[in-house]
Amino acid sequence: MNGRRLMLAHFYVAFAAFAVGTIFGLLQTLSRASAITLGGFFDYYKLLTAHGVLLAIVFTTFFIAGISTYAVYDSMPVKSRSTNVGWIAWWVMTIGTVMAAVTILAGNASVLYTFYAPLKASPTFYIGATLLIVGSWIVFFDFLLHAKAWRVTHRGERLPLPAFMATVNFLMWFLATLGVAVEMLYLIPWSLGWTQGVDVAMTRMYFWYFGHPLVYFWILGAYLAWYGMVPKMLKVPVFSDALTRVAFIGFLLLSLPVGIHHQFSDPGIAGQWKLLQTFLTLLVVVPSLMTAYALFATFEESAFAKGQRGFVNIVKSLPWNDASFTGIVLAMILFIFGGFGGIVNASYSIDRVVHNTMWVVGHFHITVGGPVALTFLAISYRLIPALTGRALWSENWAKAQVWLWFIGMSVMSLAMHIQGLLGAPRRVSDIAYYGSSEAAAWHPWALLTAGGGIVLMLSVVAFVVNIIGTLRNDERVGSETLFAETRANEAPPPMGLDRLKFWTVVAVALVIIAYAGPVMEHYQQHIYLAPGMRTW
Ligand code: HAS
Ligand code: CU
């Protein structure tokens, strides 16, 4: 398979962003627990911006570009194609990342990862972020070119399942990032002083049109491994090719028209639009439950093959000695809690209680830090050996790392959720509030959050040591595909599932239904253009 160096390049940038971003996260938890005082170069809001951008945007986007390129190139081998387009994508993404990261660390973009206006960062931050997005579009374009070249010798065939999953995820990402691209058309001229003000409400709507699908881009990156690689670890076929395609099409359609569930407290958006998007948000339960069902059926099939029956025997028969498999199941367990927390958030009236509190921070740490990050770390113990041909340095370190991550993330997220229910705000550096009695109730949970953060840091060290050890390991391993076969006797999935142009039209139609009202009503109101400000 060609493109190994390209895939590894994506993973190395992802790991570097992960290692640096988690250090900032630890410092934040210690600061909010009043264990340390941040200041100077280590300004709290600068670190919070760097933590969010490096982990939520850079680590995820590069890792998903890497694992998706593996899925496309591995399942659709096309020897004749060069990797030039893929490398152009990598360079554009990397240059953009460096521009944005340097601007943040230079103290010129403490706008947090959501870069809400009227906070105004330096233009190089917005231009760098835009290049990262444009680079990821080139990754998607590379997949389309690859599929076209593969189709020359595979006329009329369906995309192989790994390539289908990766392509649908990037199609959803492309449609979602159009929102942030339009937002940048406001923010870049504004940051350059070419426009007098910015329409804050509209930039927020553009951001969250992108911001929610962003999280499903992450989870589908993990689902690529759950649906495609976990069966291989268990030596069984993919549970169902058709179900997998239906679930991915479900996420494509239900990711885009729901971003206003992040804006329930925003003024200027009428309640009926928020209610409509609540219903659309909750529909995501369907592909989520389909995923849970397919995965447990896979576990069951592997246990039956070993003559084991019954829930307890199925669980006991799973390969708990395999760090990659164990890490992914622990990630799934975290997702169960994160998912139900999402249902709380999506409940329009209850969200009033938790919005902008540490509850939401707990939610996204157990979702991004659970099914997404832990899956990415766990599957790296298969991907890096497969791409380098070098054996994993230590299976024991890998097992320790995934359990430490699970424990640290569980403790930290629980403590964050409880802080949030007690009213602790997010995005506030000092929560002592001059010794107020209400704030005092948050402190024990802030300490526990920091405790979870320390355990997570140990896990990060174990991961980095293991990856470096693997890259220096002289013991060689084979590089057979990490993806499982689909079931030989399964009826071929309906060809309609592969009609991605049709599903794109349906997705766009849903977006128009969900957003035409709020956008038109917005422009019927008086638009105030905010000149912008810096609070740092
Ligand atoms: Fe969320 C805020 C609603 C899932 C990430 N979410 C966030 C933010 C982030 C984030 C980053 O409605 C904060 C952004 C910010 O900075 O302000 N979220 C949901 C809902 C879901 C959901 C309904 N979120 C995620 C995932 C994320 C993620 C996944 C990252 C990867 N979220 C919200 C809302 C807000 C929000 C509001 C705004 C809150 C506010 O006020 O600001 C759903 O996708 C959840 C699906 C799951 C279920 C529950 C059933 C559970 C099942 C188990 C599945 C298990 C599996 C594993 C597949 C419907 C079905 C198999 C298990 C075995 C052991 C076999
Ligand atoms: Cu969301």
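Before reading further, recall that the structure is shown in the block above.
What you see is a predicted model, and the numbers here were worked out from it, not measured in a lab. (Residues numbered from 1 in each chain as written. Chains lettered and ligands numbered in written order. Predicted model: local features only at pLDDT ≥ 70, side-chain atom pairs only at ≥ 80, totals over all residues. Heavy atoms only, no water.)

Okay, the overall build of the protein chain next. Along the backbone of the protein chain there are 18 helices and two strands. At 23 Å, the protein chain has a C-alpha radius of gyration in line with the 24 Å of a compact globule built from 536 residues. With respect to the principal axes defined by its C-alpha atoms, the protein chain has extents near 60 × 45 × 45 Å. When burial is assessed residue by residue, the protein chain has 59% of its 536 residues classed as buried. Partitioning the contacts of the protein chain with sequence separation of at least 6, the portion at a separation of at least 24 is 85%. Surface summary for the protein chain: the accessible area is close to 21100 Å², and the carbon and sulfur share equals 70%. Charge centroids of the protein chain, computed over 31 positive and 22 negative side chains, lie 5 Å from each other. (Helix = DSSP H or I, 4+ residues; strand = E, 2+ residues; numbered from the N terminus. Rg over C-alpha atoms; globule rule 2.2 N^0.38 Å. Buried < 20%, exposed > 50% of the residue type's maximum accessible area, 1.4 Å probe, protein only. Contact = heavy atoms within 4.5 Å. Areas by Shrake-Rupley, 256 points an atom, 1.4 Å probe, with all protein chains shown as cover. Lys, Arg positive; Asp, Glu negative; His and termini not counted. Charge placed at Lys NZ, Arg CZ, Asp CG, Glu CD.)

For the rest of this paragraph, the subject is the coordination of the copper ion (ligand 2). Protein-derived coordination of the copper ion (ligand 2) comes from His212 (ND1), His261 (NE2) and His262 (NE2), at a distance range of 1.9 to 2.0 Å. Considered as a linear motif, the donors of the copper ion (ligand 2) on their single chain read H-x48-H-H. The metal-metal distance between the copper ion (ligand 2) and the iron atom of ligand 1 comes to 4.4 Å. Taken as a pair, histidine 212 in helix α6 (residues 200-228) and histidine 261 in the loop between α8 (241-255) and α9 (271-282) lie far apart in primary sequence, 49 residues in all. (Donors = N, O, S within 2.8 Å, 3.2 Å for Na, K, Ca; no water.)

Right, let's get into the packing of α8 against helix α10 (residues 285-305). The contact between α8 and α10 brings their axes to 9 Å, and the two run at 155 degrees. Taken as axis vectors, α8 and α10 run roughly antiparallel relative to one another. Read as a crossing pair, α8 and α10 show a hand that is left-handed. Residues Leu243, Val246, Ala247, Gly250, Phe251 and Leu254 of α8 touch α10, and the partners they reach there are Pro287, Ser288, Met290, Thr291, Tyr293 and Ala294. Grouping the constituent residues of the contact of α8 with α10 by class yields nine nonpolar, three polar and no charged. (Axes fitted to C-alpha atoms, helices over the stretch in contact; angles between N-to-C directions. Parallel < 35°, antiparallel > 145°, perpendicular 65-115°, else oblique. Left-handed = near helix turned anticlockwise from the far one by under 90°. Nonpolar A, V, L, I, M, F, W, Y, C, P; charged D, E, K, R; others polar.)

All right, on to the site of ligand 1 then. In the region of ligand 1, 37 residues are neighbours, and Tyr113, Tyr216, Asp351, His355 and His363 sit closest. Here arginine 426 contributes a side-chain N or O atom positioned 2.8 Å from an oxygen atom of ligand 1. When residues of the shell around ligand 1 are traced back to their parent elements, those giving at least two are α6, α10, α12 (323-346) and α14 (358-388). The element contributing the most residues to the shell around ligand 1 is α12, with nine residues. Considering only residue class, the shell around ligand 1 consists of 24 nonpolar, eleven polar and two charged. (Near = heavy atom within 4 Å. Polar contact = N/O pair within 3.5 Å; in protein donor to acceptor, adjacent residues only side chain to side chain.)

Axis separation between α8 and helix α18 (residues 500-524) bottoms out at 8 Å; the angle between their running directions is 35 degrees. On the side of α8, the interface is formed by Ile249, Leu252 and Leu253, while α18 contributes Leu500, Trp503, Val506, Ala507 and Leu510. Across the contact of α8 with α18, the residue classes tally to eight nonpolar, no polar and no charged.

Moving on, we get to the coordination of the iron atom of ligand 1. Within the protein, a single donor atom binds the iron atom of ligand 1, namely His363 (NE2) at 2.1 Å. In this fold, histidine 363 is placed in helix α14.

The next subject is the pattern of salt bridges. Evaluation of the coordinates by the stated rule reveals eight salt bridges. Note that glutamate 301 is salt-bridged to arginine 487, the shortest N-O span being 2.8 Å. Of the two residues, glutamate 301 sits in helix α10 while arginine 487 sits in the loop between α17 (443-471) and α18, which places them 186 residues apart along the sequence. The class for arginine 487 is partly exposed, based on a relative accessible area of 22%. (Salt bridge = Lys/Arg side-chain N within 4 Å of Asp/Glu carboxyl O.)

The tally for this structure, following the rule as stated, stands at 47 aromatic pairs. Judged by centre distance (5.9 Å) and plane angle (70 degrees), the ring pair of phenylalanine 115 and phenylalanine 125 falls under edge-to-face. Remark: phenylalanine 125 occurs in helix α4 (residues 123-152) and phenylalanine 115 occurs in the loop between α3 (84-105) and α4; sequence separation between them is ten residues. Each member of the pair, phenylalanine 115 as well as phenylalanine 125, is classed as buried. (Phe/Tyr/Trp six-rings, centres within 6.5 Å; stacked < 30°, edge-to-face > 60°.)

By rolling a water-sized probe across the atoms, one finds the places where empty space is left. This structure, assessed with the given rule, holds three cavities of 30 Å³ or more. Reported here for the largest cavity is a volume of approximately 220 Å³. If you go around the largest cavity, you meet 21 residues; those closest to its centre are Ile57, Phe115, Ala129, Leu132 and Ile133. Contributing elements (two or more residues each) for the lining of the largest cavity: α2 (44-75), α3, α4, α5 (161-191) and α6. A per-element tally of the lining of the largest cavity places α4 first, with six residues. Residue classes in the lining of the largest cavity are distributed as 17 nonpolar, four polar and no charged. In this structure, the second largest cavity occupies an estimated 50 Å³ of space. Along the walls of the second largest cavity sit Ala50, Val53, Leu54, Val58, Thr97, Ala101, Ile104 and Leu105, which together make up its complete lining. Looking at the lining of the second largest cavity, its residues break down into seven nonpolar, one polar and no charged. (1 Å grid on protein atoms, 1.4 Å probe; cavity = no way out; pocket = protein on both sides within 12 Å on 5 of 7 lines; lining within 4 Å. Points joined across faces, edges and corners; volume = space filled by probe spheres on them.)

Examined against the element boundaries, tryptophan 503 turns out to sit in helix α18. Taking relative accessible area as the criterion, tryptophan 503 reaches 17% and is therefore assigned buried. In sequence terms tryptophan 503 and leucine 252 are 251 residues apart; their C-alpha atoms lie 8.2 Å from each other. With sequence-adjacent residues up to four places away left out, tryptophan 503 is seen in contact with Ile249, Leu252, Leu253, Gly496 and Leu497.

Our next topic: the side chain of glutamate 490. Among the structural elements, glutamate 490 can be located in the loop between α17 and α18. An unpaired buried charge is present at glutamate 490: no salt bridge exists, and arginine 487, the closest side chain of opposite charge, is 5.0 Å distant. There is a polar contact of 3.1 Å between the side chain of glutamate 490 and the backbone nitrogen of alanine 242. Residue contacts for glutamate 490: discarding those within four places in its chain leaves Ser240, Asp241 and Ala242.

Moving on: the side chain of histidine 212. Take histidine 212: its relative accessible area is 5%, and that puts it in the buried class. Separated by 3.5 Å, the side chains of histidine 212 and histidine 262 make a polar contact. When near neighbours in sequence (up to four residues on either side) are disregarded, histidine 212 contacts Ser255, Val258, Gly259, His261 and His262.

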